[in-house]
Amino acid sequence: MKLQTRLSIATATIISLVSVAIGGFAVSTSFDSEIARVDDALAVAANQAANTTGDPISSALLAADTAAISLNVSFLNLNGDLVSLNPGSVEISATPSIAVLDSATEQGITLYEGASSTYRLRTVALPDNEYLILATSLDSQIENRDANIRLLIWFVLGSIIFGAAAIAMFIRRDVRKISRLVDAAGLIAAGETDVPLPVSNGQSEVDRLARALSDMVEALQNSIDLERDTQQNMQTFLGDASHELRTPLTVIKGYVELLQKNPDAGAEQTARAYERMLAEANRMDALVKDLLLLAELGETKTDTKIMSELSVIDLSALVGTAVDDLRILQPTRPVVVSIEPNVMILGARDLILQVLANLTSNIRRHTLVTDSLRVSLRNEDDLFAVLSFDDGGRGLPEEFYAAGINHFQRFDNSRSRESGGSGLGMSILAAIVRKHGGEVQLSKSDLGGLRTEIRLPLAR
């Protein structure tokens, strides 16, 4: 059953119950008031007849003439004959029983004359078991009550119609919005992701539901996009990793086959073959270690082994040491350093050292020893440590600045594996920074080469 239908039924039920309760009470009270007025008139006439010092019948007739309502006075003699003494609003055709007559001496009693006439009865007991009967018709009171009941019924029906119309008008907007939300939820459940949702700026429950569903759809879309990108990156990663691992294995296999086919090879050739196999084995071992490190850095849990020993690190001192090491290895390189002292971060010391090692290693590998370098470390608003390396090398193609850092990505295809490595150095750097709650951004340096900027949260 639809929400609007349930609300309409609930509204109609409540209005009906309240209207019937209030209207029924008013009708009943009005009818009882009319009966009480009749009883008062009957009681006055009965008291005059019972307490008179003269003839009770004459007193009763006089009271009937002066009463505010039409009274019929009848006399029931000893033989049970009922004689009407004056014309009135009712004529009693059936003699009431003695029990009824005795009860009516104390209070008024309602009797029914056939199917169409009702009257109120009051009696006065006379000597010798005779009775003086006072009666008046209740037909007008009953007609008024029935008219009030009919009016109440029409009022209830009108209230129900008005209430249903008011409910439909007030909740029409929300009902339409809920219907659109239901349709949108059905499309989302069917696999649709680009589903338009109604705009909700209010504070009603429906508006809040619409905003929550919109946020949920947006989060779902982001999750789907992330999963799609992750799957694509994983396929690329697995393909590149298998290719990188296959290369040293192919070299090793080739030299093994060479040695098998040439058992009499000279000592120099044999030594060169073993040297190449050992170099490729070492290269494959380093690649596997980097892959394992990347896998651990990619775990979402925070209690990984590499992040188990966090401490406050003086990043200023570590950067200064890394720059000094670079100057020793490449004394001909122009280096400009601007390091703020006491820039402290919370992190794993070995991983931060690896970040700095990867940065300086990339400078040594991919730029000339005469290319300039500018290193900067500063405290930004007591929130972040901002470390930047600007080199004067060739930089990167423009499309790589927006693409970011990917596994096994060589920014210059002309570089050999000996100079370019496996491409995991920058990936590991970015993963370590993300693990510490920071971010890495690549951009064009004003020195002409690459600018690598790292932002890390300061220690609190």
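Residues numbered from 1 in each chain as written. Predicted model: local features only at pLDDT ≥ 70, side-chain atom pairs only at ≥ 80, totals over all residues. Heavy atoms only, no water.

## Describing the pattern of salt bridges
Item 1. Evaluated as defined, the whole model comprises 11 salt bridges.
Item 2. Ionic pairing is found between Glu380 and Arg378, a salt bridge with its closest N-O pair at 3.4 Å.
Item 3. Here Arg378 falls in the partly exposed class, since its relative accessible area comes to 32%.
Item 4. When salt bridges with common partners are traced through the structure, they connect Arg374, Asp390, Asp446, Arg451 and Glu453 into a single cluster. (Salt bridge = Lys/Arg side-chain N within 4 Å of Asp/Glu carboxyl O. Buried < 20%, exposed > 50% of the residue type's maximum accessible area, 1.4 Å probe, protein only.)

## Quick look at the nonpolar core
Item 1. Judged by nonpolar contacts, the single largest core of 35 residues is most densely connected at Val319, Ile345, Leu359, Leu387 and Ile454.
Item 2. Of all the secondary-structure elements, those providing two or more residues to this core are helix 7 (315-329), helix 8 (349-366), strand 9 (373-380), strand 10 (384-391), helix 11 (424-435) and strand 12 (450-457).
Item 3. Leu387 has contacts with Val319, Leu356, Leu359, Val375, Ser376, Leu377, Thr452, Glu453 and Ile454, leaving out every residue within four places of it along the chain.
Item 4. Of all hydrophobic cores here, the second largest spans 21 residues; its members include Phe31, Ala45, Ala64 and Ile69. (Core = buried A, V, L, I, M, F, W, Y, C linked by side-chain atoms within 4.5 Å. Helix = DSSP H or I, 4+ residues; strand = E, 2+ residues; numbered from the N terminus. Contact = heavy atoms within 4.5 Å.)

## Considering the pairing of strand 5 (residues 130-137)
Item 1. Most of strand 5 sits out of view: 7 of its 8 residues are buried.
Item 2. Bridge count between strand 1 (residues 72-76) and strand 5: 5 bridges; the pairing is antiparallel. Its bridge partner being in strand 5, Leu76 is matched across the sheet by Tyr131.
Item 3. The pairing of strand 4 (residues 117-126) with strand 5 spans 8 bridges and is classified as antiparallel. Paired with Leu126 across the strands is Glu130, a residue of strand 5. (Pairing = 2+ DSSP bridges.)

## Re a nonpolar patch on the surface
Item 1. Taken together, Ile149, Ile153, Trp154 and Leu157 make up a surface patch of nonpolar side chains, about 430 Å² in accessible area.
Item 2. Topologically, Ile149 is positioned in helix 4 (residues 139-189). (Patch = residues over 30% accessible without salt bridge, like charges linked within 9 Å, V, L, I, M, F, W, Y side chains within 5 Å. Areas by Shrake-Rupley, 256 points an atom, 1.4 Å probe, with all protein chains shown as cover.)

## A few points about the sheet that holds strand 4
Item 1. With antiparallel pairing, the 5 strands of this open sheet are ordered in space as 2-1-5-4-3. Strands at the two margins of the open sheet, each flanked by one partner only, are strand 2 (82-84) and strand 3 (109-113). On average, adjacent strands in this sheet sit at an angle of 35° to one another, irrespective of strand direction.
Item 2. Across 3 bridges, strand 1 lies against strand 2 in antiparallel orientation. Bridge pairing links Leu76 to Leu82 in strand 2. (Axes fitted to C-alpha atoms, helices over the stretch in contact; angles between N-to-C directions.)

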